[in-house]
Amino acid sequence: NELRARARRGTGSQSLAQPAPLAAVDRDAIYMERNWELSHEGKRWWDLLRRDALEPGYLVAQLDAHDPETRARGNLDDFRKRWPIPQNEIQLN
């Protein structure tokens, strides 16, 4: 309680935090914070896919923005969003 009181500048029993209205939450800021916190952990690709489901075309726009040679390497069709299933796994199934 002493720690809470010091952090909240009160008795520690009351909460001074006011949640922001949902409309005030900036989705871009959340994705950027997640990118910073989880850098080098392999989460970025899945975040791009998830966001592309909400905002179609986002994945292609981000790949073009960060690597202009992406289109020169090949097309960016929808089927390329997923990792291929290894042939031996297909055969085992």
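**Overview of the overall build of the protein chain**
For step 1, the next point in the chain: Each helix and strand counted, the protein chain has six helices and zero strands in total.
For step 2, the next point in the chain: The order of helices and strands in the protein chain, counted from the N terminus, is α-α-α-α-α-α.
For step 3, the next point in the chain: Evaluated residue by residue, the protein chain yields a buried proportion of 14% over its 93 residues.
For step 4, the next point in the chain: In the protein chain, the proportion of contacts linking residues at least 24 apart, taken out of those at least 6 apart, comes to 20%.
For step 5, the next point in the chain: Here the protein chain has roughly 8200 Å² of accessible surface; of this, 55% comes from carbon and sulfur atoms.

**Observations concerning the confidence of the model for the protein chain**
For step 1, the next point in the chain: Looking at the protein chain as a whole, the pLDDT averages 78, with 81% of positions reaching at least 70.
For step 2, the next point in the chain: Across the protein chain, element-level confidence peaks in helix α6 (residues 87-92) with a mean pLDDT of 90 and bottoms out in helix α1 (residues 2-8) with 70.

Each value, and the rule that gives it
Residues numbered from 1 in each chain as written. Predicted model: local features only at pLDDT ≥ 70, side-chain atom pairs only at ≥ 80, totals over all residues. Heavy atoms only, no water. Helix = DSSP H or I, 4+ residues; strand = E, 2+ residues; numbered from the N terminus. Buried < 20%, exposed > 50% of the residue type's maximum accessible area, 1.4 Å probe, protein only. Contact = heavy atoms within 4.5 Å. Areas by Shrake-Rupley, 256 points an atom, 1.4 Å probe, with all protein chains shown as cover. pLDDT = per-residue confidence, 0-100.

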